[in-house]
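Listed below, chain by chain, are the residues.
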Amino acid sequence: MVRVTTPGVRLLPNAITVLALCAGLSSVQFALIGNYPMAIASIGIAAVLDSLDGRIARLLDATSKMGQELDSLSDGISFGVAPALVLYVWHAEGERIGWVASLIFAVCMILRLARFNTLIEDTEQPPYAGEFFVGVPAPAGGLLAMLPLILELQFGQGWWSHQYTVWVWTIAVAALLISRIPTLSLKTVKAPAKAIAPLLVGVGLLAAAIIQFPLVALAIALVLYLAHIPYSVYRQRWLANHPEAWMAPPRERRAIRRSSSRRRLGLRPPLRRVVAGAAQRVRLQRGEQHVARAPRTLTNDKDRDGSRGPRRRSWRRIGLRKR
């Protein structure tokens, strides 16, 4: 059955991309008038819309080459140019080093997106490559660059809001954008059926935290994202060294990981009863003498030496009738 997509349906993902572009650019306008909380919120809204346009396009079978190019241009402006200008307006105070750091961040964001577009067409990647991004993705990089501003708005001025600290942090995030460090892709994360209800509860708690404490929740989320990078590097290296786990489902992949860790520690699996019985039979075959007890005689008579022999079973005592 051929699925026909109407022009209106094809327009929807591109419209969401344009809305993300407008939200990202609006952060610059909010920064110019001194409304920095709304500047951060605009970049956050652009990140949410950017995560929706691609999924909606694949769901409606409305993907196109124009949509891919428009998405890349929108990401470059919303998460590269806009955060750089917001930081420059906030903390540059007309200094040249601030403008240099802003340029470095914007250029690294564009280079990161250009590399992402080339990797999409690369068909020689291993099967597990789709589970990772190469470097920090554009929405996360744009929000990470705003972390010093978030901390100042929440906790006031400190070492995190010092001018040179901000520009060093901006350049460090720019380096993460163009690095080869693998980061997890949430697009390929699959939750088991038993975890759906707890995840929904967690989403509700996260929404409540964002509504009540938006800056604190965003700062904690960004710190946790940075903390996951070592695990992502470990997981990518483990998959590269275990080809048998590339196409395995999550449950089998966990079993392979447990067995490999057990072998690395030098642990042996516990012996089963079948193995113990086999070992006992081997010992018997080697010539060990097995002394069997003589069966008891069922008699009540005394022996010749006067000792009483083993008693005869009483059928009445065990409640059975003698035939």
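Keep in mind it's a predicted model, so treat the numbers as computed, not measured.

Reading the values: the criteria
- Residues numbered from 1 in each chain as written.
- Predicted model: local features only at pLDDT ≥ 70, side-chain atom pairs only at ≥ 80, totals over all residues.
- Heavy atoms only, no water.
- Phe/Tyr/Trp six-rings, centres within 6.5 Å; stacked < 30°, edge-to-face > 60°.
- Salt bridge = Lys/Arg side-chain N within 4 Å of Asp/Glu carboxyl O.
- Helix = DSSP H or I, 4+ residues; strand = E, 2+ residues; numbered from the N terminus.
- Buried < 20%, exposed > 50% of the residue type's maximum accessible area, 1.4 Å probe, protein only.
- UniProt positions renumbered as here; feature names shortened; annotations may be inferred.
- Polar contact = N/O pair within 3.5 Å; in protein donor to acceptor, adjacent residues only side chain to side chain.
- Core = buried A, V, L, I, M, F, W, Y, C linked by side-chain atoms within 4.5 Å.
- Contact = heavy atoms within 4.5 Å.
- Patch = residues over 30% accessible without salt bridge, like charges linked within 9 Å, V, L, I, M, F, W, Y side chains within 5 Å.
- Areas by Shrake-Rupley, 256 points an atom, 1.4 Å probe, with all protein chains shown as cover.

## Looking at the packing of aromatic side chains
Where two aromatic rings form a pair, the distance of their centres and the angle of their planes describe that pair.
Right, on to step 1. Counted under the stated rule, the structure contains two aromatic pairs.
Right, on to step 2. Summarising the aromatic geometry, the rings of W159 and W160 are spaced 5.8 Å apart at their centres and angled 75° between planes, so their arrangement reads as edge-to-face.

## Regarding the pattern of salt bridges
Right, on to step 1. Per the counting criterion, the structure on display carries two salt bridges.
Right, on to step 2. Linking E69 and K65 is a salt bridge whose minimum nitrogen-to-oxygen distance equals 3.8 Å. One end of the pair, E69, and the other, K65, are both in helix α3 (residues 65–91), four residues apart, so they sit about a helical turn from each other.
Right, on to step 3. A relative accessible area of 38% places E69 in the partly exposed class.
Right, on to step 4. For K65, a relative accessible area of 48% corresponds to the partly exposed category.
Right, on to step 5. The residue E131 makes a salt bridge to R235 at a minimum N-O spacing of 3.4 Å. In this pair, E131 sits in the loop between α4 (96–120) and β1 (132–134) while R235 sits in helix α10 (residues 229–241), placing the two residues 104 residues apart along the sequence.
Right, on to step 6. Here E131 falls in the buried class, since its relative accessible area comes to 14%.

## As for the UniProt feature "transmembrane region" (unreviewed entry) in the protein
Right, on to step 1. Within this structure's numbering, the places UniProt gives as "transmembrane region" (unreviewed entry) are residues 12–30, 73–91, 97–116, 128–151, 166–186 and 198–227.
Right, on to step 2. In residues 12–30, the share of helix is 100% and the share of strand is 0%. The end C-alpha atoms are 27 Å apart.
Right, on to step 3. The distance from the first to the last C-alpha atom of residues 97–116 is 29 Å, and the span holds 100% helix and 0% strand.

## Considerations on the environment of S179
Right, on to step 1. Tracing the sequence through the fold places S179 in the loop between α7 (163–178) and β2 (182–184).
Right, on to step 2. Among the residues examined, S179 registers a relative accessible area of 15% and is labelled buried.
Right, on to step 3. In this structure the C-alpha to C-alpha distance between S179 and C108, which are 71 residues apart in sequence, comes to 9.7 Å.
Right, on to step 4. At 2.8 Å, the side chain of S179 and the backbone oxygen of L176 are in polar contact.

## Description of helix α6 (residues 147–155)
Right, on to step 1. Restricting attention to buried positions, one finds in α6 the residues L147, P148, L149, I150 and E152.
Right, on to step 2. One or two steps after α6, the chain reaches G156, where phi turns positive at roughly 85°.

## So, the nonpolar core
Right, on to step 1. In this structure, F79, F105, M109, M146, L149 and I150 are the most contacted members of the largest nonpolar core, which totals 37 residues.
Right, on to step 2. Broken down by element, this core gets its largest block of residues, six residues, from helix α2 (residues 36–59).
Right, on to step 3. Those residues in contact with I150, other than ones at most four positions away along the chain, are I40, L215, L218, A219 and L222.
Right, on to step 4. If you look at the next biggest cluster of nonpolar residues, it comprises seven residues, including Y128, W238, L239 and A245.

## Topic: a nonpolar patch on the surface
Right, on to step 1. Taken together, the side chains of L32, I33 and V89 define a hydrophobic patch exposed on the protein surface, amounting to about 290 Å² of accessible area.
Right, on to step 2. Counting through the fold element by element, L32 comes out in helix α1 (residues 7–32).
Right, on to step 3. Given a relative accessible area of 61%, L32 falls into the exposed group.

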